[in-house]
Each structure stands twice: as structure tokens, then as C-alpha cells.
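Chain by chain, the residues run as shown.
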2 protein chains.
Amino acid sequence: MKATVFHGKGDVRVENVPDAAVVRPSDAVVRVTHACVCGSDLWFYRGDAPWEPGWRTGHEFMGVIEEAGAGVRTLKKGDHVFAPFAYSDGTCEFCRKGLQTSCLGGGYWGGADNDGGQGEAVRAPLADATLVKLPAEVANDEKLLRAILPLTDVMGTGHHAALCAGVKPGATVAVVGDGAVGLCGVLAARRLGAARIILFGRHPDRIAVAAEFGATEVVQERGTDAVARALDMTAGGPDAVLECVGNEGSMAMATGMCRPGGAVGYVGVPYGAQQGLDLRRMFGENIALRGGVAPVRAYAEELLADVLAGKLDPSPVFDLTVGLDDVPRGYAAMDAREAIKVMVKL
Amino acid sequence: MKATVFHGKGDVRVENVPDAAVVRPSDAVVRVTHACVCGSDLWFYRGDAPWEPGWRTGHEFMGVIEEAGAGVRTLKKGDHVFAPFAYSDGTCEFCRKGLQTSCLGGGYWGGADNDGGQGEAVRAPLADATLVKLPAEVANDEKLLRAILPLTDVMGTGHHAALCAGVKPGATVAVVGDGAVGLCGVLAARRLGAARIILFGRHPDRIAVAAEFGATEVVQERGTDAVARALDMTAGGPDAVLECVGNEGSMAMATGMCRPGGAVGYVGVPYGAQQGLDLRRMFGENIALRGGVAPVRAYAEELLADVLAGKLDPSPVFDLTVGLDDVPRGYAAMDAREAIKVMVKL
């Protein structure tokens, strides 16, 4: 089968790899119909993450069960499913707590040991617990499938940021970062009832999506200017801040502007973020830092129900669609910020 | 009157200063009967905090109202009171939320502008909201007064750490630090129903107090050895970690050992703590960091009720009592770790 393989900085290639196959009875093989390129894929693409040549890429995908292992009880050939970006056993202490990303038997797609989502098929371990089954009627509803696909990562991650930041009905919320996760954070904050949602970003196309998603204000300044604007606009800071970037500047902004007693919900994979933490202010004003790798499996049913009911549609984050052979072009477009988020349609 | 004044590294002196007096109608003058030396006083005493010669010291005190300003409604001459380590107006947004340390009209005792607790008397601004009135019958009950005095800071701070760490009935709790705040953290965790309380400390006298306060286990290792022990003893880390020191090593221990999905409640004033944060692990395992300057005013009534009912007694943290003239000796004893916590009895 064909799949995307990392070869080095700026170099991913679609090439032949061994076919995905059931290895353990709890495995299923998913024929991929839709996948994505993620902002976090850029960390290895840009050489900032310790990735090895030969590793497989892609952690966001949906598709159709092609083969279910003998131990799989809830899924059968032909079922449509989507996959959260981590697989999990559903039974350990952390899965039971809704923290499937810390599953004792789980792991992540791609890398050295697993199939990645940016390929024709994926061996999905622990299929019963991991994969989320879709109603049969969505199979040919491309519009709905596009709206479901972000639940594999960015929509669940934006929701996690909003929960960790403590967004409540009526809250004033800041979202730092206008990537797909930040935009989904706007949507999640609106869904949770925020009264004001201030997006910190400066790309016109992204600002347009943010407005569609419920952002009530946009601040284009960065750094200390952005903090000053936020404190002024909100008379002391937003109650909840969603940090959706993960670098030093974004973390400094988030912790610098949050209202005393509030919380920063951080979901941007931290690269340099530690230096940005304004720990002195956080301590003095009791500002909490909560977040991390989003357990999107925990949110799957709740968010899926809203998508199926027509109440939630994160699909506007996709502004470029490529075929499998053009995945490298998708990376390049994301890297150049020419695309917010790339869908791979097989 | 006499009061303690900072003169430089390792140099505090008890000397004559202007008498405390009512300046604004909302002020009261408190004649101090008991005060303390705090672990956080050592930051300036050791030259680690930017303090200026001439600044007044002490932020923990109790005493008797000597004069109440014309605007004071709930207190009168002769009332016994204790003072939280910050004063606050009781009416602003943050006071109403129970975050009096972020009070828009508040401040801290001592320093350049206010009387400090380590003196004969204190002008207490915003007396109605700040000072906590004691029942008349405790006035001559020295044992009870000793048990109330830690509510000015260390007991409320330990309680804040436990709340921020999310201590719940049945929880497994780690307390990093065996100073007075750490010991009060042990007591607070027991009060909140923790099943296991593991103290990380190595001083026999402090360990003895911790055992009296409810610590079920003691770990004397530090650093990565301590983390390994904690992970092993608890099969993956304590649910709640109270960080009661504030330096790089203690924060590395706290964030390194906390169970996935758990929280570190930090109350040690951070000096170097930022470098110790294991942010990569916190992100990967969704470990929250919550805490800061404890709003001990918010906890005063609840904790006082337990002390008066005989259910809470943090007084064993005091292992040295000095008179006002001997405050410098109290600092020296704390600095040399010869005393856990010093009471100043006037």
C-alpha cells in the first residue's frame, strides 16, 4: 500500500510500505478515506522534533473497516469510523477517567512502530476502544464527513483547551493562536456559552473563519502590546485563556493577560513555552495552568452528537484538499502558512 | 513604638519607629500580642528578594484593637483579632470571589509603606474586611491562641495548597517540603480526607510533627530518586502534590511525580521554580499547576471554626518562642534551620 514517510527536514514522501494487516485479535484494519495534515506535523517537518527518517506520518484519519480481528466485538467490515489521534484500551485507570492519552496500553499513530493516517490503510490496535463508529447514513454525506473529520484532533483539542481554561456561560475568553486548533477553540468557547471571544491573530483568512466560529473581537498585536490591549479591553484580563500555539511568545501572552484567579488552558505542544510562562504573575494572581495532550476520545460522542445534529461544524478549518500523492504539497502549504489545514481525500 | 526593621542581608533590628495610628476612617490600630517569623521572610533576610534597608518586617500577627477609625463598623477597642498576611477591602470583584490576595484596594503588611507584624502595633487598613474577630473567651486561652496564630499564614497556605492540588477524600497525596507550610499542608490534606500522605523531608524534628499531623509515610530522598520512589510507592504517582518550597528542585520533584491527570498545588514563593517545571511531562500527562499566594482571608472562618471546636491544631509548628527584642535571634534560628517556625510573644 502507499503511505507517507518522513525522510528528513522538509522531506515527506508517499511511497510503498507493507500492507496494513491484523496482527493481534483486537486489531482492525481501516481503509482510510480522509486524513489531515496537522500543525503539530510541522514540528518534525521543520526539524524541530527528534524524528527519524523512515517514520510514518499522520495521526488524523477516518475510513472504513476492511478487516476486524477475531477479538473485535463492536466493529465489522464496512463500518465507517473515525480515529482519535491516540489509541487506547478503554479499560485502564486513565481511560476510565477520560484521560485516554495517558492510557497504560495505548499509543500514537505513525512513528517507528505504527501505521500513520496519511496512507491508504492503518492497522488500528485496540479497535473497540479506540475507533468511533459513525451512523451508516453518513457514509455518502461528504459535507457531514468533512465536519466529523476535525473530531480526530483539532476540534477535540480546541474543546480541551476551553474546558481546561474553565470556559463557562457568560465568560470572557481569549484565544491565542489562529491555527486550526485556535479556531476550533473559538468554536468550542462559543459552544460552551462564552459571551466574549477575543482572537489573537493576524491572518485575514483565519480571522474570517474565527468570525464565522463566534469570535467577537480580534487583536492583531503580539507580545506585550497584545497583553496591554487584552487587559484594557477586559478591564483586567479575560477569565479564560486558550493557549493554542505552544511557543515562548504565545505562552507569555497567555499567562500575561489572564485575569487573576483565571486559568490558561494550553494545548499547543510546548516548544520553548516554558521560558514564556510568567510564573511570578501566575503565582501572585493565582492563575492556573491546565491542559496538555487532548484526550479527544473522551469528547468524541458528545461532539459527534452535535455535529450529527447540525449544531457544530468545524469543517471551515479545511481550506485545501489534496490527494494522497500530494501530501508533500499539503505539508509545504501548511509550512508556508498558505493553508490553515489540509484535508487528504483518498 | 518598637518594631523590626530590615537593614540588609542577615540584618534585622528592633528599633524605635513612629507609633501606629489611625490615618483613614477605615483603619484600626492593633496592639500586637503574637507574631511570627515566616519562611518567606528568609528570602529578603538572605538577600534573595529585592528589599530595601528601612523596610518593616512581619506579616503574621494577632492582637487587640487599640483604636478603631470612625468608619470601622464591626470592631471596637478591646476586640481580639488575627490578621491574614494581606489586607483587603472585601468588596471588589476578587474579594467577592474569595481571592483577597488580588484585592484591587489591598496590599501586604510591612515593606516601605505599612507597619509590619513584628512590632508593638500595626495600623490595619480596611479593618472591617481584613481583620478576623475572635470570640472574647479565647483572650486568655494561650493554648488556643497558639493554635489560631498559624491561620494568619501557614495553615491557610497549606490548606490552599491542598485545595489547589485537588485533595479529595481517599486521595493519595504527596507533600514536598517539611517547613511550616509543608507541615500544615499535611494537616490540611488529612482534614480533607486524604488516605495516604507522603511527606518528602529529612529533618527528624519536622518528620515528627508531620507524623503527628497525619503523614502516613516519609521519603528522605531528593531529586530524581525521590520521584522514582514516589512513582513506585504509588504505582504511578500521587493524585495530588503539594509543592511547599518554591525552588527548582522542589518543583521538579512535584511535577515529576504527580499522577497523570492530577494537579500540583504550589504555594512556595517561586525562586527558580520555573526552571524546575517538567512542562513536557505536565503536557503529556495533563498535570495541572494551580496555586499561588494563598487567600487565607477566604479560609479564615472555616479554619477558625475547626480550631475553636478542637478539631484543628497547627500549633506544633512553633518550636521556638522569642520576645520582640529577640526577633533577630528568631530569624537566625530559622535561617540555620534550628527552628521550624518562630513565635514572637509580646
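Residues numbered from 1 in each chain as written. Chains lettered and ligands numbered in written order. Predicted model: local features only at pLDDT ≥ 70, side-chain atom pairs only at ≥ 80, totals over all residues. Heavy atoms only, no water.

### Focus on the overall build of chain A
Argument step 1. On a plain count of helices and strands, chain A comes out with 13 helices and 17 strands.
Argument step 2. Compactness check: chain A gives a C-alpha radius of gyration of 20 Å against a globular reference of 20 Å for 346 residues, within 12% of the reference.
Argument step 3. Referenced to the eigenvectors of the C-alpha coordinate spread, the extents of chain A come out at roughly 60 × 40 × 35 Å.
Argument step 4. Put simply, chain A has 346 residues, and 60% of those count as buried.
Argument step 5. By sequence separation, contacts in chain A at least 24 residues apart represent 69% of the contacts at least 6 residues apart. (Helix = DSSP H or I, 4+ residues; strand = E, 2+ residues; numbered from the N terminus. Rg over C-alpha atoms; globule rule 2.2 N^0.38 Å. Buried < 20%, exposed > 50% of the residue type's maximum accessible area, 1.4 Å probe, protein only. Contact = heavy atoms within 4.5 Å.)

### Notes on the pairing of strand 5 (residues 80-83) of chain A
Each regular strand shows side chains that alternate between the opposite faces of the sheet.
Residues and elements named next belong to chain A.
Argument step 1. Of the two faces of strand 5, the one carrying H80 and F82 and the one carrying V81 and A83 are both buried.
Argument step 2. Bridging between strand 4 (residues 61-68) and strand 5 involves four bridges; their strand directions are antiparallel. Each residue of the ladder has a partner; that of M62, found in strand 5, is F82. (Pairing = 2+ DSSP bridges.)

### Here we look at the packing of helix 5 (residues 154-164) of chain A against helix 12 (residues 296-308) of chain A
All names here are of chain A.
Argument step 1. The N-to-C vectors of helix 5 and helix 12 enclose an angle of 100°; their axes lie 9 Å apart at closest approach. Here helix 12 runs roughly perpendicular to helix 5, going by the angle between their axes. Contacts between helix 5 and helix 12 involve M155, G156, T157, H159, H160 and L163 on the former and, on the latter, V296, Y299, E302 and L303.
Argument step 2. Classifying every residue of the contact of helix 5 with helix 12 by side-chain character gives five nonpolar, four polar and one charged. (Axes fitted to C-alpha atoms, helices over the stretch in contact; angles between N-to-C directions. Parallel < 35°, antiparallel > 145°, perpendicular 65-115°, else oblique. Nonpolar A, V, L, I, M, F, W, Y, C, P; charged D, E, K, R; others polar.)

### Quick look at helix 8 (residues 223-233) of chain B
Residue and element names in this part refer to chain B.
Argument step 1. Turning to helix 8, its buried residues number three or more, namely A226, V227, A230 and M233. Seen along its axis, helix 8 keeps its buried residues to an arc of 135°; they face one direction. Relative to its buried face, helix 8 has exposed residues pointing more than 90 degrees away, namely T224 and D232.
Argument step 2. Where helix 8 is buried, its residues touch strand 11 (196-200), strand 12 (217-219) and helix 9 (248-257).
Argument step 3. Just downstream of helix 8, A235 is the residue with a positive phi angle, here 50°. (Arc of directions from axis to C-beta.)

### Considerations on unusual backbone geometry
Residue and element names in this part refer to chain B.
Argument step 1. Unlike most non-glycine residues, A235 shows phi in positive territory, near 50°.
Argument step 2. By relative accessible area, A235 is classed as exposed at 61%.
Argument step 3. At R337, a residue that is not glycine, the phi angle is positive and equals roughly 60°.

### A short note on the interface of chain A and chain B
Accessible area lost on assembly of the parts is the figure often given for the size of an interface.
Argument step 1. In this complex, chain A contributes 35 residues to the contact, which on the side of chain B involves 35 residues.
Argument step 2. Around 2800 Å² of area is buried between chain A and chain B when both sides are counted, 55% of it from carbon and sulfur atoms.
Argument step 3. Per-residue buried area on chain A facing chain B is highest for Q274(A), L279(A) and F283(A); these three make up 27% of the total on that side.
Argument step 4. Taken together, the connections running from chain A to chain B amount to two salt bridges.
Argument step 5. A salt bridge links E93(A) to R259(B); the nearest nitrogen and oxygen atoms lie 2.6 Å apart.
Argument step 6. Put simply, chain A and chain B have 16 residue pairs in polar contact (both at pLDDT 80 or more) between them.
Argument step 7. When residues of the side of chain A that touches chain B are traced back to their parent elements, those giving at least two are helix 2 (93-96), helix 10 (273-276), helix 11 (279-284) and strand 15 (288-291) of chain A.
Argument step 8. A per-element tally of the side of chain A that touches chain B places helix 11 of chain A first, with five residues.
Argument step 9. Classifying every residue of the side of chain A that touches chain B by side-chain character gives 17 nonpolar, 11 polar and seven charged. (Buried area = accessible area lost by both parts, 1.4 Å probe. Salt bridge = Lys/Arg side-chain N within 4 Å of Asp/Glu carboxyl O. Polar contact = N/O pair within 3.5 Å; in protein donor to acceptor, adjacent residues only side chain to side chain.)

### Quick look at the packing of aromatic side chains
Argument step 1. One pass over the structure, following the stated rule, counts 22 aromatic pairs over all chains.
Argument step 2. An aromatic cluster is present here, built from F6(A), F44(A), Y45(A), W51(A), W55(A) and Y331(A) joined pairwise through their rings.
Argument step 3. When the ring centre of Y271(B) is taken as origin, the NZ or CZ atom of R280(A), which lies over that ring, is 5.5 Å away. (Phe/Tyr/Trp six-rings, centres within 6.5 Å; stacked < 30°, edge-to-face > 60°. Lys NZ or Arg CZ within 6 Å of the ring centre and 35° of its normal.)

### Considerations on the relation of the copies chain A and chain B
Argument step 1. The operation relating chain A to chain B is a screw motion whose rotation component is 180°, with 0.0 Å of axial translation and a residual RMSD of 0.0 Å. The transformation relating the two chain copies, once decomposed into turn and shift, fits a two-fold axis. Ranked by how close their C-alpha atoms come to the rotation axis, the residues of chain A are headed by L289(A), at 2.6 Å. (Least-squares fit on C-alpha atoms with pLDDT ≥ 70 in both.)

### Section: the confidence of the model for chain A
Segments scoring low in pLDDT should not have their predicted coordinates read at a detailed level.
Argument step 1. The share of residues in chain A with pLDDT of 70 or more is 100%, and the mean pLDDT across the chain is 97.
Argument step 2. Interface confidence for the predicted complex, expressed as ipTM, amounts to 0.97; the pTM equals 0.96. (pLDDT = per-residue confidence, 0-100.)

### Description of the environment of G10(A)
Argument step 1. Note that G10(A) resides in the loop between strand 1 (2-8) and strand 2 (11-16).
Argument step 2. As a C-alpha pair, G10(A) and E221(A) span 211 residues in sequence and 30 Å in three-dimensional space.

### Here we look at the pattern of salt bridges
Argument step 1. Counting across every chain of the model gives 44 salt bridges over all chains.
Argument step 2. As a salt-bridge pair, R123(A) and D27(A) come within 2.7 Å of each other at their nearest N and O atoms. Residue R123(A) is found in strand 8 (residues 121-124), and its partner D27(A) is found in the loop between strand 2 and strand 3 (28-37); the two are separated by 96 residues along the sequence. For the pair shown, R123(A) and D27(A) are each scored as buried.
Argument step 3. For E302(B), the salt bridge is made with R191(B), and the minimal N-O distance between the two is 3.1 Å. Here E302(B) is found in helix 12 (residues 296-308), whereas its partner R191(B) is found in helix 6 (residues 180-191), with 111 residues between them in sequence.
Argument step 4. Assessed through its relative accessible area of 26%, R191(B) is described here as partly exposed.

### Some thoughts on the pairing of strand 1 of chain A
All names here are of chain A.
Argument step 1. Burial analysis of strand 1 places five of its seven residues in the buried class, which makes it a mostly covered element.
Argument step 2. In this sheet, strand 2 lies alongside strand 1 in antiparallel orientation, the contact comprising six bridges. Bridge pairing in strand 2 links V5 to R13.
Argument step 3. Hairpin geometry of strand 1 and strand 2 is characterised by an intervening segment of two residues between the two adjacent antiparallel strands and by a positive phi of about 70° at G10.

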